[in-house]
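# Observations on the three-dimensional arrangement
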There are 2 protein chains.
Amino acid sequence: MTIRLVKAFLKPIQKEDVLNISGGKRGRITIHEVASAAGVSISTASKALNDTGRMGAETRERVKRIAGEIGYRPNALARGLLSKRSFTVGLLTNDTYGRFTLPVMAGISDALVDHGVSVFLCAIEDDPALAQIHVDAMLDKQVDGIIATGKRLDRRLPVDLSNLHVPVVYAFTEGTQNSVTFRSDDEQGARLAVEWLATIGRRRIAHITGPEDFFSVRERAGAYHQVAGHREPVLYGVWSENWGHEAVEQLWERPGEKPDALFCGNDQIARGAVDALRERGVKVPQDVSVIGFDNWEIVAAQTRPPLTTVDMELKELGRQAGLTVLALAEGRPVEPGVRKLPCRLVVRRSCGGRTPEE
Amino acid sequence: MTIRLVKAFLKPIQKEDVLNISGGKRGRITIHEVASAAGVSISTASKALNDTGRMGAETRERVKRIAGEIGYRPNALARGLLSKRSFTVGLLTNDTYGRFTLPVMAGISDALVDHGVSVFLCAIEDDPALAQIHVDAMLDKQVDGIIATGKRLDRRLPVDLSNLHVPVVYAFTEGTQNSVTFRSDDEQGARLAVEWLATIGRRRIAHITGPEDFFSVRERAGAYHQVAGHREPVLYGVWSENWGHEAVEQLWERPGEKPDALFCGNDQIARGAVDALRERGVKVPQDVSVIGFDNWEIVAAQTRPPLTTVDMELKELGRQAGLTVLALAEGRPVEPGVRKLPCRLVVRRSCGGRTPEE
DNA sequence: ATTGCATGAGAAAACCTTTTCTCACTTGAC
DNA sequence: GTCAAGTGAGAAAAGGTTTTCTCATGCAAT
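Residues numbered from 1 in each chain as written. Chains lettered and ligands numbered in written order. Predicted model: local features only at pLDDT ≥ 70, side-chain atom pairs only at ≥ 80, totals over all residues. Heavy atoms only, no water.

Residues and elements named next belong to chain A. Contact pair helix α3 (residues 31-38) / helix α5 (residues 57-69): the axes reach a minimum separation of 9 Å and the direction vectors enclose 125°. The orientation of α3 with respect to α5, classified from their angle, is oblique. You can see that α3 and α5 cross each other, and the crossing is right-handed. Along the contact surface, α3 presents Val34, Ala37 and Ala38, while α5 presents Arg62, Val63, Ile66 and Ala67. Each residue belonging to the contact of α3 with α5 can be placed in one class, and the counts come to six nonpolar, no polar and one charged. (Axes fitted to C-alpha atoms, helices over the stretch in contact; angles between N-to-C directions. Helix = DSSP H or I, 4+ residues; strand = E, 2+ residues; numbered from the N terminus. Parallel < 35°, antiparallel > 145°, perpendicular 65-115°, else oblique. Left-handed = near helix turned anticlockwise from the far one by under 90°. Contact = heavy atoms within 4.5 Å. Nonpolar A, V, L, I, M, F, W, Y, C, P; charged D, E, K, R; others polar.)

Structure representation (structure tokens):
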């Protein structure tokens, strides 16, 4: 101890040390300050703080304590320059409204914040030039990886990410050959919905959904046919409340028995349908059960009655995408392929049959 | 020219050059490769690319051309280490749904992408500990500045940003003493709405709005009183469709003349009101004009009829916040204070009186 | 012929960390 | 009393870029 103190005392005090310690210099506190405050060399300080190298337990503790006291935080730029890790990932999306991106983003951030990783969000609006600019900017900043996400499972982002020298993971958007892609299991989700309707005793289940060229639409319709049979028609349309409204008009104008349940392709359609039913004097859920898809709180929870719906677990999807891109960045092996994540049924009031959980 | 070529030829070829040029090394192309490919020193290459220093025009062109050919892009980490600029800003928000954050983010990104600046998005969910973690992570990454945004003009983020050594700008959230804050001019926006109703001939304008403890609510109600007088009541409630619905019930159950216009505190309330009116057989916009606030497309455009509403120009707000934080980061002086940005009236069908512009 | 100056380009330091290598010193064994 | 091994800590290099300083060359002026 004495020896060390003497050493520290004898160490020539450099001009910049004084300036820094006295707070005269504008910049942040560097490891340099820690070292000179603790009376050790920069190398020793670094090793003490990172729990590497050999040194006396007492020295290590002292350095750590002093670093804490003077509020030292390592400069991530300098660290990244050497380690080739920036502790940064980029999230690329063409989903302007954030309907799908925000939950995915929340999951990514949630999974990565513990690892000290921050997320660049880049909204590219389907503009290839803008997308390229953002990708280049991210690469310049040495992102550890890129996660691509979108508003549609069966469309690519308007930029090629296949030959980057950083790992790329796709979440809720079409990936490339040999990539890792996370998506919701729409078939399973649809089955969940239709089976629930069957469980609560509905037999004449109609399906009102979006445009047939959407992959999700075909998957959901496929599961619907499988579970419900072909007793009721599938009505393809667009993703709007108006279409839900109109589809109900169509169904109820037809001669013959009316459906006793509607499985809707998304919550907006479901909401339009519920409104149309109310206007016709058809009671939801007493006369007809309605179930949506997406669990878009802002629509599902505000509908009267609140919608029972299928949640695609986008946050979990984001979380897994985040952990995967991190694994790749750290060189851990990851099996390429498409991973389907299960959906979850959220029961509210629009189907009846059970008291809501929430 | 000859001399330079000879020099380039004579320059000893270093092992690492060969590896890099041949693509054998994993890393990116550095200025080192550019320099040796062009037969100049690193310093000259740097100066050529940055249009600084003295050198022959021909040398400069050659370096630039070669850099382009081999796809050189400077490492932002290395550059930032020296320049103290990371070309990165952080956006901190507690608005989970992204209703306000996404447009603000779009504006920021839009304004800064031309300057090579990328944006970290950090959603902090009103959790002070999480907020601190994110702020620390951003500071470690040497962000050039932080923009704080939220879901409410009169609330602070649960973290103190007042003594950071990077510039902070507040957008759509309460700032600190001596800071720069951007917010919408809700008073002007409300006046716009009520004056529009007056212009199209409405005289009995009621105001259905959110909780009175919101600053925006009081500002909007103030403007409403100023323009419309006190002939109709102000109904305070919550920000939901249900409340809009219920408020209409209340108004129409009262004895006496009914309002011929409703100025609603947000689009959700407006939507609930429109629904309630339809259910009562009151025609919108023939019998009653309804106007909303927020221009939340997903609500306003899907209402039947689509809502005339007030847009807070959040994207523009984000743009200005972005440019301001950039100015501060570059050391340009910025006057502190609160800047109110004007709102814009978006005319759709729910008021009548004019053919919609869109 | 010498000096002075402008021009073009390179060497080296700086930014902040981490990591490898080296060195001095202590201890235990012979 | 010498040697080997082990221990604690520092010197230096590396990472990619920018910037300042220095140097060499050629030319015009004395």
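Having seen it, we continue.
Turning next to the domain arrangement of chain A. Residue and element names in this part refer to chain A. Here chain A is described as being made up of domain 1 (2-74), domain 2 (85-183 + 314-341) and domain 3 (186-312). For domain 2 versus domain 3, the separation of C-alpha centres amounts to 32 Å. Taken together, the contacts link nine residues of domain 2 with 11 residues of domain 3. Carbon and sulfur atoms supply 48% of the area that domain 2 and domain 3 bury against each other, a total of about 960 Å² over both sides. (Domains from an automatic or database assignment. Buried area = accessible area lost by both parts, 1.4 Å probe.)

This part takes up the side chain of aspartate 267 of chain B. Residues and elements named next belong to chain B. Along the chain, aspartate 267 falls in helix α12 (residues 267-280). Salt bridges are absent for the buried aspartate 267, whose nearest opposite-charge side chain, arginine 99, sits at 5.6 Å. A polar contact is formed between the side chain of aspartate 267 and the backbone nitrogen of phenylalanine 293, at a distance of 2.9 Å. A polar contact is formed between the side chain of aspartate 267 and the side chain of threonine 309, at a distance of 2.6 Å. Beyond its immediate chain neighbours, meaning those up to four positions away, aspartate 267 contacts Gly292, Phe293, Asp294, Asn295, Trp296, Val299, Ala300, Leu307 and Thr309. (Buried < 20%, exposed > 50% of the residue type's maximum accessible area, 1.4 Å probe, protein only. Lys, Arg positive; Asp, Glu negative; His and termini not counted. Salt bridge = Lys/Arg side-chain N within 4 Å of Asp/Glu carboxyl O. Polar contact = N/O pair within 3.5 Å; in protein donor to acceptor, adjacent residues only side chain to side chain.)

Moving on: empty space enclosed by the protein. Summed over all chains, the structure comprises five cavities of 30 Å³ or more. Roughly 130 Å³ of internal volume is contained in the largest cavity. Where the lining of the largest cavity is concerned, the elements lending two or more residues are α6 (76-83) of chain A together with α6 (76-83) of chain B. The residue inventory of the lining of the largest cavity, partitioned by class, reads six nonpolar, four polar and two charged. When its volume is computed, the second largest cavity comes out at roughly 70 Å³. Around the second largest cavity, the lining residues are Glu241, Gln268, Arg271, Ile298 and Val299 of chain A together with Glu241, Gln268, Arg271, Ile298 and Val299 of chain B. Those elements that provide at least two residues to the lining of the second largest cavity are α12 (267-280) and α13 (297-300) of chain A together with α12 and α13 (297-300) of chain B. Here the lining of the second largest cavity is composed, by residue class, of four nonpolar, two polar and four charged. (1 Å grid on protein atoms, 1.4 Å probe; cavity = no way out; pocket = protein on both sides within 12 Å on 5 of 7 lines; lining within 4 Å. Points joined across faces, edges and corners; volume = space filled by probe spheres on them.)

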